[in-house]
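Report on the structure
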Amino acid sequence: QVQLVESGGGLVQPGGSLRLSCAASGFFFSTYAMSWYRQAPGKEREVVAGITGTADNTNYADSVKGRFTISRDNAKNTVYLQMNSLKPEDTAVYYCNAERVWGGNHRDYWGQGTQVTVSS
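We now turn to the structure provided with this report.

Criteria and cut-off values
Sequence order sets the numbering: in each chain, residues are counted from 1 along the sequence as written. Restriction of local features to residues with pLDDT of at least 70 applies here, the model being predicted, together with a cutoff of 80 or more for giving and counting side-chain atom pairs; totals for whole chains, interfaces and linings are based on all residues. Derived side-chain values reflect all non-hydrogen atoms in the structure, with water molecules and hydrogen atoms excluded from consideration. For every residue, the accessible area obtained with a 1.4 Å probe (protein chains only) is divided by the maximum for its type, and the residue is called buried under 20%, exposed over 50%, and partly exposed between those limits. Helix numbers and strand numbers start at the N terminus; a helix is a DSSP run of H or I with at least 4 residues, a strand a run of E with at least 2. Strand pairing is assigned whenever DSSP identifies at least 2 bridges connecting the two strands. Only centres within 6.5 Å qualify two rings of Phe, Tyr or Trp (six-membered ring in Trp) as a pair; their planes then separate them into stacked at under 30 degrees, edge-to-face at over 60, and tilted for everything else. Both a distance and an angle decide whether a charge sits over a ring: NZ of Lys or CZ of Arg must be within 6 Å of the ring centre and within 35 degrees of the ring normal. Each reported salt bridge corresponds to a side-chain nitrogen of Lys or Arg within 4 Å of a carboxyl oxygen of Asp or Glu. Only heavy atoms enter the contact rule, under which two residues are in contact if any of them lie within 4.5 Å.

**Let's talk about the pairing of strand β7 (residues 68–73)**
Regular strands place side chains that alternate from one sheet face to the opposite one. Burial along β7 is one-sided: Phe68, Ile70 and Arg72 are buried, and none of Thr69, Ser71 and Asp73, which face the opposite way, are. For β7 and strand β8 (residues 78–83), the ladder comprises six bridges, and the chain directions are antiparallel. Following the sheet pairing, Asp73 is matched in β8 by Thr78.

**Some words on the packing of aromatic side chains**
Each aromatic ring pair is specified by the distance between its two centres and by the angle formed by the two planes. According to the stated counting rule, one finds five aromatic pairs in the structure shown. A ring pair is formed by Phe27 and Tyr32, whose centres lie 4.7 Å apart and whose planes are at 65°; its orientation type is edge-to-face. No difference in accessibility class separates Phe27 from Tyr32, as the two residues are buried. One Lys or Arg, Arg19, reaches over the ring of Tyr80 and ends 4.0 Å from the middle of that ring.

**Here's the deal with the pairing of strand β1 (residues 3–7)**
Only one face of β1 is covered, namely the face carrying Leu4 and Glu6; the face carrying Gln3, Val5 and Ser7 is uncovered. Relative to strand β3 (residues 18–25), β1 is paired through five bridges, and the arrangement is antiparallel. Residue pairing across strands places Ser7 opposite Ser21, the latter belonging to β3.

**So, the pattern of salt bridges**
Scanning all chains against the criterion turns up four salt bridges. Between Arg38 and Glu46 there is a salt bridge, with the nearest N and O atoms lying 2.7 Å from each other. Between Asp90 and Arg67 there is a salt bridge whose closest N-O contact spans 2.8 Å. Within this pair, whereas Asp90 is found in the loop between β8 and β9 (92–102), its partner Arg67 is found in the loop between β6 (58–60) and β7, the two being separated by 23 residues in sequence. With respect to class, Asp90 is no different from Arg67; both count as buried. Salt bridges here are not isolated pairs; linked through shared partners, they connect Arg38, Glu46, Arg67 and Asp90.

**Observations concerning the environment of Ala98**
Within the secondary structure, Ala98 sits in strand β9. Note on Ala98: relative accessible area 0%, which makes it buried. Spatially, the C-alpha atoms of Ala98 and Ala75 are 16 Å apart, while their sequence positions differ by 23 residues. When residues no more than four places from it in sequence are discounted, the contact partners of Ala98 are Leu4, Phe27, Tyr32, Ala33, Met34, Arg107, Asp108 and Tyr109.

Shown next as structure tokens:
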């Protein structure tokens, strides 16, 4: 059974930091690219950051570049999102996504989300 379980969300003041974790199970983790998405109330879900299976490449949304860092530990089947210098506009539900594309196949999985609220 595939599972992606996010943790680490919460309430933080502007300028603060949080570290999100996503623990994966039920699939061959290192063969999947991992991404973090977020969805704020009344807005569409957007990609925040992504990392390849071997962690040799990362990418970020312009809005979080220089503040957020995505990383993964394939030995622990876990992906992380370190969020620094948080702003109120970072408030959203953050979702973990696993995706693999091979040949003509595509497969992806989603976690249940974790709430991040940035407010004083």
